[in-house]
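So the chains spell out like this:
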Amino acid sequence: MPSEISINTEISATATIKTDFKESNPNVALQAVDENFMKVNGKNVMLGRSFSAIEIESGSNVVVLGFDLANANFENIDSIIGAIVSIEAKKYKVIGITESKGSSAGQNDNFALIPYLNAKREFDISTKSFEILVSVKDLDQIDWAIDEAYGIFRAIRKQSALEEDNFMVSKSDKLANTLISQMSYISIATIIIGLLTLTGAGVGLMNIMLVSVNERT
């Protein structure tokens, strides 16, 4: 199926990054990625560049920082490119900063991306599960691509026709529907909070009017 494919895994959700200016809180999402991750995952570079194929294949000590992480740990964001930072006591050269997307679906720009072969050398990722991202070139081919993915993975994992899948395939519109359903709960909560606020304001106004009437009487 004509498509673009990328792999990634989360090394740690509690990593720390140290710069010449300060050390971050232990809440940085450290991910191991390939050269296609930025494009397939919809992350754009604000400053610098993304990973090259050579850097991925050689496992270079280079890193791309999320905007929030870079902005919080450097005094001047324009001077970050080329700087050396320590991630879990390992030295990396900053080659890029992603555009800010803000917080959404529990995610933010507090992350650091490194080549996955570098992660294999510098960290223990032997027990990590990798996520494979597939972006098809024609939206009408999504269901065909999913069927192909199921077939390929079942063959790789040597599953018989009667066995259940021991992997999961998620489609982008499923994620969108999940977000939409969450938004409905937020709307309901907003209405309830608004009613409570109006009720409280109304009671307060009634008390003020009652005091004013009593004073005049």
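Residues numbered from 1 in each chain as written. Predicted model: local features only at pLDDT ≥ 70, side-chain atom pairs only at ≥ 80, totals over all residues. Heavy atoms only, no water.

1. Here we look at the pairing of strand β1 (residues 3-15)
Our working definition: At least two DSSP bridges between two strands are required for those strands to pair. Under the DSSP-based scheme used, a helix requires at least four consecutive residues in state H or I and a strand at least two consecutive residues in state E, with every element numbered from the N terminus.
Across six bridges, the pairing between β1 and strand β9 (residues 131-136) is antiparallel. Within β9, the position partnered with Ile7 by the bridge is Ile132. Bridge analysis of β1 against strand β3 (residues 28-33) gives five bridges, and the strand direction is antiparallel. Residue pairing for β3: Thr9 is matched across the bridge by Ala32.

2. Thoughts on the side chain of Thr98
Put simply, the rule reads: Think of it in three bands: with a 1.4 Å probe and only protein chains considered, a residue is buried below 20% of the maximum accessible area for its type, exposed above 50%, and partly exposed in between. Here, two residues are considered to be in contact whenever any of their heavy atoms come within 4.5 Å of each other.
Looking at where Thr98 falls in the secondary structure, it is placed in strand β7 (residues 90-98). Judged by relative accessible area, which is 2%, Thr98 ranks as buried. In this view, Thr98 contacts Met38, Asn44, Val45, Met46, Val64, Leu65, Gly66, Phe67 and Phe111; residues no more than four positions away in its chain are not counted.

3. With respect to the pattern of salt bridges
Filter applied, for reference: The salt bridge criterion pairs a side-chain nitrogen of Lys or Arg with a carboxyl oxygen of Asp or Glu, the two atoms within 4 Å.
Going through the model one piece at a time under the given rule, you end up with four salt bridges. Glu55 serves as the salt-bridge partner of Arg49, at 2.7 Å between the closest nitrogen and oxygen. Classification of Arg49 as partly exposed rests on a relative accessible area of 38%. Classification of Glu55 as buried rests on a relative accessible area of 10%. In this structure, Glu122 and Arg121 form a salt bridge, with 3.5 Å as the shortest nitrogen-oxygen distance. Since its relative accessible area comes to 28%, Glu122 is described here as partly exposed.

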